[in-house]
Structures are given as structure tokens and as C-alpha cells.
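Descriptive analysis of the structure
Each chain, written out:
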Amino acid sequence: MIRALIAAVALAAPTVAAAQSLDVRPVTDGVWAIVGEKEQRSPENLANNATFGLVVTGAGAVLIDPGGSWRGAEALHEAIRTVTDRPVTHVVNTGGQDHRWLGNGYWQAQGATVIASAAAVEDQQARASMQLTGLAQLIGDALEGTAPAYADVTFSDTYAFEVGGLSFEIVHPGPAHTPGDSFVWVPERDTVFTGDIVYVERILGVGDQSSIAGWPAAFEAVEATGAAHVVPGHGGPTTMERARADTYEYLMNLRAQIGALIEEGGDIMAAPQVDQSAFAGLEQFDSLAGRNAQTAFQQMEWE
């Protein structure tokens, strides 16, 4: 009996620690940002290295993004319980990155309905094996229990629903960080949850799955909401002005610099040397700026 209790405590410890590493910040009435680490996925953060959103209503709670693993979802649930005991009735996947969907199975087991764009689900299916292999290396045994589980409801461009008298509008404006990125607009709370369309405080990542051409337009769609409160995909809750500075202006500078390099006949080896110094204050700049430039070059040379 004692051994079983010790084993149970040992299994629960990573989830509790991960929940404690999630910073639950009030945004406005009934709205919270659940801010995870801005560093790499690890056994300690359970792949919850992102920012998540929570809206609590009288009829239940809506969670924006489910966590990056089964245990990551459990840790999110522990964090949610610090502000409400209402059940999570809906979970929105804002994209195809692991922390935007690999916790789905946990929430479906709790009875929640998961919603995602069809483009996000297609991306999730295409990259599931690769993501799980990568997470096995990054978080090890903490991946236990995690398996692909896809949305119960999918949509092409927009989807709207109501919970507790609040309306939620999900918009897939086109590809950005991933092909199926969406944002969630809650007009009665003047709040937009951007997923990976917006990064603040840290440099964004332009990966092979990203669209350097489509991402600025996706940001402009977010900006068009005029939201007073912005909950980004990475970093703390912010303003639209800060979101523009850290995301849109970075993307436009990168496009301009790489465009000039291509126009001059430069090659991909020169891409990391283009001038991104105006954004050197963003976290992870040194590790990602050069890679971003090379990926942007690969995409833009064919535009």
C-alpha cells in the first residue's frame, strides 16, 4: 500500500510541478491567459511552452489550446482549477504545433468538444509522427499517455458558437506559423486569442511549415478586430501595439531584408547576416534569427 502511494505521488509530481510553472494571469472579466515557458519543450514543462487562454462563463469554460501532451493537459487543468471549478466544455485548437493539439485526448476524456480548422487537422495529421518522435526526445517519459486525437468539429474559414451567453468567433485567416492557424475573437470581452499568429517578448519562429507570405496578412486579420486585450501564442497578455511591434514589424523587416538580398543576387548562405538588429532584444533572438532568415530566403526566392 505504501509503495503504491509513493508511486502515485511520484507520477503526479511532474504534473503538479508543470502546473506551478504555468502563470495564470487575469486579462479582463472572466478571461485569463495561462502563460507557459518561452524556452524549449522539456520534461518539466510537459511541452506546455506556449500561452493558452481561458474564458469562464456561467455554463462552463472555454479553453484556447489543450496543452502539448496528456500530462501537459493535466497540468493545464490543475492551473485552471486555481480560478474556476466549472467544467471545460469546449477546447479550440489554434493550429498545428504540438502544444496546440496533442493534449486533445485528455480533454475529450473529460467530455469537452474540440474545435479546429480543417487545415489545422490536416497539418496535425501530416506532422503527428514527427512531433511525437521529437517530443519523446525532449520530454521523455512525460510523453506517456499522449496519442493523436483530432477535433470533433472542423471548419474551413470561420466558426461561431456560444457558451453562457458569450459568443466565440474562430477565424482561420490563412497560413501563418502553421498552415491551419486560427484566432478566437470574444467581442463581449474585447479579447482576441491569437495562437501562433502573434508572439511577444520572444522572437517568432519561421519554420518549414510556416508561410512568410501569408503570416503578415493573418496578423492584419487579427488586428482588424480592434481588440483591447490580446492573448498571444507566446508571451504574456498584451496590447495590439506590442503585438504589432514584436510580430508584424519583425515579419515585414525580415521580408524586406531577404527581398533585398535576393534582388542583389545574394544566396542563402548570406541570409543569416541580413540586418535584424532592431529586434535583438527579443528572447531567443540569437538562436532563431539566422534560421528564420534562411527559411524566409527558401520561401521567397520562388515568389
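**Description of the overall build of the chain**
The secondary structure content of the chain amounts to seven helices and 12 strands. In terms of principal-axis extent, the alpha carbons of the chain reach across some 70 × 45 × 35 Å. Considering the chain as a whole, with its 303 residues, one finds that 54% of them fall into the buried category. Of the contacts made within the chain by residues no fewer than 6 positions apart, 69% connect residues no fewer than 24 positions apart. Of the roughly 12300 Å² of accessible surface on the chain, a fraction of 52% belongs to carbon and sulfur atoms. Within the chain, the 37 negative side-chain charges are centred at a point lying 7 Å from the centre of the 15 positive side-chain charges.

**What about the side chain of T178?**
Summarising the element assignment, T178 is placed in the loop between β9 (166–171) and β10 (183–186). T178 sits in the buried class, given a relative accessible area of 0%. There is a polar contact of 3.3 Å between the side chain of T178 and the backbone nitrogen of G96. Side chain to side chain, T178 and D181 meet in a polar contact 2.5 Å long. When neighbours within four sequence positions are excluded, T178 is seen to be in contact with G95, G96, Q97, D123, R127 and Q209.

**Some remarks on the pattern of salt bridges**
Enumeration according to the criterion identifies 13 salt bridges in this entry. Among the salt bridges present, the one from E144 reaches R71, with a minimum N-O distance of 3.2 Å. Highlighted residues: E144 in the loop between α4 (118–139) and β7 (153–155) and R71 in helix α2 (residues 70–80), separated in sequence by 73 residues. With a relative accessible area of 54%, E144 lands in the exposed category. On the accessibility criterion, R71 (12% relative accessible area) is buried.

**Examining helix α7 (residues 285–300)**
A rise of 1.5 Å per residue sets the reference length of α7, with its 16 residues, at 22 Å; its end C-alpha atoms lie 21 Å apart and thus fit the reference within 8%. Every buried residue of α7 is accounted for by F285, L288, A289, N292, A293, T295, A296, F297 and M300. In the core, the buried residues of α7 are packed alongside α6 (240–263).

**Side note on empty space enclosed by the protein**
One pass over the structure, following the stated rule, counts one cavity of 30 Å³ or more. Of the voids in this model, the largest cavity is the one considered here, and its volume is about 30 Å³. Considering the residues around the largest cavity, the lining is formed by T51, F52, G53, I64, D65, R100, F193, T194, G195, V231, P232 and G233. Top element by residues in the lining of the largest cavity is strand β3 (residues 51–57). It accounts for three residues.

**Some remarks on the sheet that holds β3**
With mixed pairing, the seven strands of this open sheet are ordered in space as β1-β2-β3-β4-β5-β6-β7. Looking at strand neighbours, the two that pair on one side only are β1 (23–28) and β7, the edges of this open sheet. On average, each strand axis in the sheet is inclined to that of its neighbour by 20°, with strand direction left out of account. Across four bridges, strand β4 (residues 60–64) lies against strand β5 (residues 88–93) in parallel orientation. Bridge assignment links I64 to a residue of β5, and that residue is V92. Against the sheet, α2 touches β1, β2 (31–35), β3, β4 and β5, its axis set at about 135° to β2. Along the sheet face, α4 touches β5, β6 (113–117) and β7 and points at about 95° away from the line of β6.

About the cut-offs
- Residues numbered from 1 in each chain as written.
- Predicted model: local features only at pLDDT ≥ 70, side-chain atom pairs only at ≥ 80, totals over all residues.
- Heavy atoms only, no water.
- Helix = DSSP H or I, 4+ residues; strand = E, 2+ residues; numbered from the N terminus.
- Buried < 20%, exposed > 50% of the residue type's maximum accessible area, 1.4 Å probe, protein only.
- Contact = heavy atoms within 4.5 Å.
- Areas by Shrake-Rupley, 256 points an atom, 1.4 Å probe, with all protein chains shown as cover.
- Lys, Arg positive; Asp, Glu negative; His and termini not counted.
- Charge placed at Lys NZ, Arg CZ, Asp CG, Glu CD.
- Polar contact = N/O pair within 3.5 Å; in protein donor to acceptor, adjacent residues only side chain to side chain.
- Salt bridge = Lys/Arg side-chain N within 4 Å of Asp/Glu carboxyl O.
- Expected span 1.5 Å × (residues − 1).
- 1 Å grid on protein atoms, 1.4 Å probe; cavity = no way out; pocket = protein on both sides within 12 Å on 5 of 7 lines; lining within 4 Å.
- Points joined across faces, edges and corners; volume = space filled by probe spheres on them.
- Pairing = 2+ DSSP bridges.
- Axes fitted to C-alpha atoms, helices over the stretch in contact; angles between N-to-C directions.

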